Amino acid sequence: MPKFLLLLFSALFLLGCEEDKTTVLRETPETPKTEVNNLAQPEVKYEAASVSESQKDALVKGNNEFAFDLYKCFADPSKPVFFSPYSVSSAMGMLTLGARGETENELKKVLRFQDGGAQLGSEFKELRESIVSSNEKFTMTDANSLWLNVGFKMLESYGNAVKEFFGGQAETINFADNKAAAKKINSWIEDHTRKLIKDMIQPDALGPSTRLVLVNAVSFLAKWQVEFEEGGTRSLNCQDCQGRTAKADLMRQESYLSVADLEGVKAVELDYLGAKYSFLALMPDDPAAFPAFVKGLDSGVVEKYTKALASEDVILLFPKFDTEYSQSLTDIFKKMGLSLSFTDSADFSGISKEGLCVSDVIHKAKIKVYESGTEAAAATAGMGTGTR
């Protein structure tokens, strides 16, 4: 079973596993009732089916590959980059669930989804159930929501599918009052990210033409299996990839850790309490080599360093940091080959009989790494507008 890439920060990776089985709902077309964007599409209902091991593995593998595709499109070696590929995939997975024809095919290709419709939703349901947890050791949450404009008619089958597969609840809102709408959605996001993600959606991103907003929010809180020394953190001079020197707070611990030194790159894996998740950090010996290293990063490279890890008694100096990253993904998605979704030719007739297209996709993430553990959160929102 491949490891699942949940969060990504520059060359730092948070990994987790997925397991178990579930039942799914398979879609069965009914008689077409209307035309959307000049395409007659059937509404669907759903029947139970099963998810195979290969399908589960494919979703995890595809999400990891998508993570690096996305990372390379906006990774700037001179700036910290932090995002949750899982959050982006979840929000876009809800969108893909309602896409049809070439619009669906494009989404699947860019997002690295092998399946679509109910099968894709079922795989996400299983993945959600395997990673969401809350106990004394760690907390991982995943929440989804649909915000519908007053008067917008969403297909009942789509609303039921989002609720079944993604746990998403739909709520009606007046987007013409964009300030109040942004405040309400942002409040929901704060509540589902441990108050880490604030003011994500700006009022000017919403308006009378907005038909719906799809939102995913995730949060993570965990303690290190071996905590860094209390009082051991020191401010030291460090060099970045452009040769600039700056002060950085470095935490210290001496213990047996999984480490590797391979091809001029050092790797260390820090387990969280409970060992379900870990933090994999990769660092080139030569700071100037970082841009080239980033360019070549993919899931295969990460797997290579993971396999090379071995337990050693080491003294580790590790950065203590608190960083936030926000980015519109619209231009990046277009660069990656996603074009139809943002045009009047988009076919989201699985969501509504009304014409829809995506106006913007935004993502915001925050991470805190400190002596006792890690706290992180991210949210992704996709805005849909009417095409007629």
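Structure's up top.
Residues numbered from 1 in each chain as written. Predicted model: local features only at pLDDT ≥ 70, side-chain atom pairs only at ≥ 80, totals over all residues. Heavy atoms only, no water.

Enquirer: Can you explain the nonpolar core? Please cite residues and give values.
Expert: Counting 91 residues, the largest nonpolar core has Tyr 158, Phe 318 and Phe 333 as its most contacted members. Not counting residues within four places of it along the chain, the set of residues in contact with Phe 333 comprises Phe 66, Val 88, Met 92, Val 110, Leu 111, Leu 338, Phe 342 and Val 361. Core analysis: the next-biggest nonpolar cluster, separate from the first, contains 22 residues, Ala 143, Ile 185, Leu 196 and Met 200 among them. (Core = buried A, V, L, I, M, F, W, Y, C linked by side-chain atoms within 4.5 Å. Buried < 20%, exposed > 50% of the residue type's maximum accessible area, 1.4 Å probe, protein only. Contact = heavy atoms within 4.5 Å.)

Enquirer: A description of unusual backbone geometry should follow, citing residues and the corresponding values.
Expert: The residue Arg 112 is not glycine, and still its phi comes out positive at about 65°. Residue placement: Arg 112 occurs in the loop between helix H3 (101-111) and helix H4 (117-131). Of note, Glu 263 is a non-glycine position whose phi angle comes to about 55°, a positive value. Inspection of the secondary structure assignment puts Glu 263 in the loop between strand S13 (245-262) and strand S14 (265-271). Given a relative accessible area of 60%, Glu 263 falls into the exposed group. (Helix = DSSP H or I, 4+ residues; strand = E, 2+ residues; numbered from the N terminus.)

Enquirer: Break down helix H6 (residues 178-191) for me, with residues and values.
Expert: The first and last C-alpha atoms of H6 sit 20 Å apart over 14 residues, in line with the 20 Å expected at 1.5 Å per residue. By the burial criterion, the buried members of H6 are Ala 181, Ala 182, Ile 185, Asn 186, Trp 188, Ile 189 and Glu 190. Elements that come into contact with the buried residues of H6 comprise strand S9 (138-149), strand S10 (169-173), strand S11 (210-223) and strand S19 (373-386). (Expected span 1.5 Å × (residues − 1).)

Enquirer: Mind laying out the packing of helix H2 (residues 85-97) against H4, listing which residues take part and the relevant values?
Expert: In contact at an axis separation of 10 Å, H2 and H4 are set at 150° when each is read in the N-to-C sense. By the criterion of interaxial angle, the relationship of H2 to H4 is roughly antiparallel. For the element pair H2 and H4, the recorded crossing hand is left-handed. Contacts between H2 and H4 involve Tyr 86, Ser 89, Ser 90, Gly 93, Thr 96 and Leu 97 from the first element and Gly 117, Ala 118, Leu 120, Gly 121, Phe 124, Leu 127, Arg 128 and Ile 131 from the second. (Axes fitted to C-alpha atoms, helices over the stretch in contact; angles between N-to-C directions. Parallel < 35°, antiparallel > 145°, perpendicular 65-115°, else oblique. Left-handed = near helix turned anticlockwise from the far one by under 90°.)

By themselves, these are just geometric observations and shouldn't be taken as functional.
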